[in-house]
Amino acid sequence: MSEKDFIPVRIAVLTVSDSRTLAEDRSGDTLAARIEAAGHILAARHILPDDRPQIRDQLAAWVGDPGIDVVISTGGTGLTGRDVTVEAHRDIYEKEIEAFATVFTIVSMNKIGTSAVQSRATGGVAGGTYLFALPGSPGACKDAWDEILVKQLDYRHAPCNFVEIMPRLDEHLRRKP
């Protein structure tokens, strides 16, 4: 860590599930607790069914909300017919962060071995907002947060992090002088 001051970011959590309620949302709870423990702001939290248009619309709404810097979804990243979260994320992305999936797979391999190939975790950027799609298990959410996101969402993390480039994510949308 460097001598920089911590900068809290505003993070929305979306749980994708046909069956969970807020009271049963262990993955969302895992993320919310870790977000707040790290000093960030839980800006919004919502549960939606495995429905691509609904997921896409919620992601788009949060990307358009100036009070949200990062969106993390949990659930719907597997291989079954109802798993459409990754497709909804990609409907929104301007740029995909391919290395997020790679690093998540490496982290997962260390925990669950070759079963890691069944996850389609992804990350991207749209409208100056980071978006990450994580598997629906509390363990996967813990691993993604503890091993990747807590570091990349900390302005003090060196040699580089997502927070330091936030002001430039949407520079292509701004008018040139």
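Quick notes on the rules
- Residues numbered from 1 in each chain as written.
- Predicted model: local features only at pLDDT ≥ 70, side-chain atom pairs only at ≥ 80, totals over all residues.
- Heavy atoms only, no water.
- Core = buried A, V, L, I, M, F, W, Y, C linked by side-chain atoms within 4.5 Å.
- Buried < 20%, exposed > 50% of the residue type's maximum accessible area, 1.4 Å probe, protein only.
- Helix = DSSP H or I, 4+ residues; strand = E, 2+ residues; numbered from the N terminus.
- Contact = heavy atoms within 4.5 Å.
- Salt bridge = Lys/Arg side-chain N within 4 Å of Asp/Glu carboxyl O.
- Pairing = 2+ DSSP bridges.
- Axes fitted to C-alpha atoms, helices over the stretch in contact; angles between N-to-C directions.
- Phe/Tyr/Trp six-rings, centres within 6.5 Å; stacked < 30°, edge-to-face > 60°.
- Lys NZ or Arg CZ within 6 Å of the ring centre and 35° of its normal.

Ile11, Val70, Ile72, Phe100, Tyr130 and Phe132 are the most contacted members of the largest nonpolar core, which totals 27 residues. Going through the elements one at a time, strand S1 (10-16), helix H1 (26-37), strand S3 (70-74), helix H4 (98-112), strand S6 (129-134) and helix H5 (138-152) are the ones with two or more residues in this core. Broken down by element, this core gets its largest block of residues, six residues, from H5. Those residues in contact with phenylalanine 100 that lie beyond four places of it in its chain are Ala121, Thr122, Gly123, Phe132, Ala133, Leu134, Ile148 and Leu149. With 17 residues, the next largest nonpolar core counts Ala12, Ile55, Val63 and Ala88 among its residues.

This next bit is on the environment of aspartate 146. In this fold, aspartate 146 is placed in helix H5. Taking C-alpha positions, aspartate 146 is 17 Å from alanine 116, a pair spaced 30 residues apart along the chain. When neighbours within four sequence positions are excluded, aspartate 146 is seen to be in contact with Arg34 and Lys151.

This part covers the pattern of salt bridges. Considering all chains together, one arrives at 14 salt bridges under this definition. Here arginine 10 ties to aspartate 69 by a salt bridge, and the two come within 2.8 Å at their closest N and O atoms. Linking arginine 10 in strand S1 with aspartate 69 in the loop between helix H2 (52-63) and S3, this pair joins segments that are 59 residues apart in sequence. Overall, arginine 10 belongs to the partly exposed group, its relative accessible area being 30%.

What follows covers the sheet that holds S6. Spatial strand order, S2-S1-S3-S6-S5-S4: six strands in an open sheet with mixed pairing. Edge strands, defined here as strands with exactly one partner in the open sheet, are strand S2 (41-48) and strand S4 (95-96). Where S4 lies against strand S5 (residues 122-126), two bridges are found, and the strand directions are antiparallel. By the bridge assignment, glutamate 96 is partnered in S5 with glycine 124. On top of the sheet, H4 reaches S4, S5 and S6; it is set at about 35 degrees to S6, its chief contact.

Attention shifts here to the packing of aromatic side chains. Per the stated rule, a full pass over the model turns up five aromatic pairs. Measuring from centroid to centroid gives 4.9 Å for phenylalanine 100 and phenylalanine 132, while their planes differ by 50 degrees, and the two rings are tilted. Linking phenylalanine 100 in helix H4 with phenylalanine 132 in strand S6, this pair joins segments that are 32 residues apart in sequence. Each member of the pair, phenylalanine 100 together with phenylalanine 132, is buried. Taken together, a centroid distance of 6.2 Å and an interplanar angle of 15 degrees make the contact between tyrosine 130 and phenylalanine 132 stacked. Judged on exposure class, the residue tyrosine 130 and its partner phenylalanine 132 are both buried. Aromatic ring contacts, followed pair by pair, group Phe100, Phe104, Tyr130, Phe132 and Phe162 into a single cluster. Here lysine 4 stacks its cationic end above the ring of tyrosine 155, 4.5 Å away from the centre of that ring.

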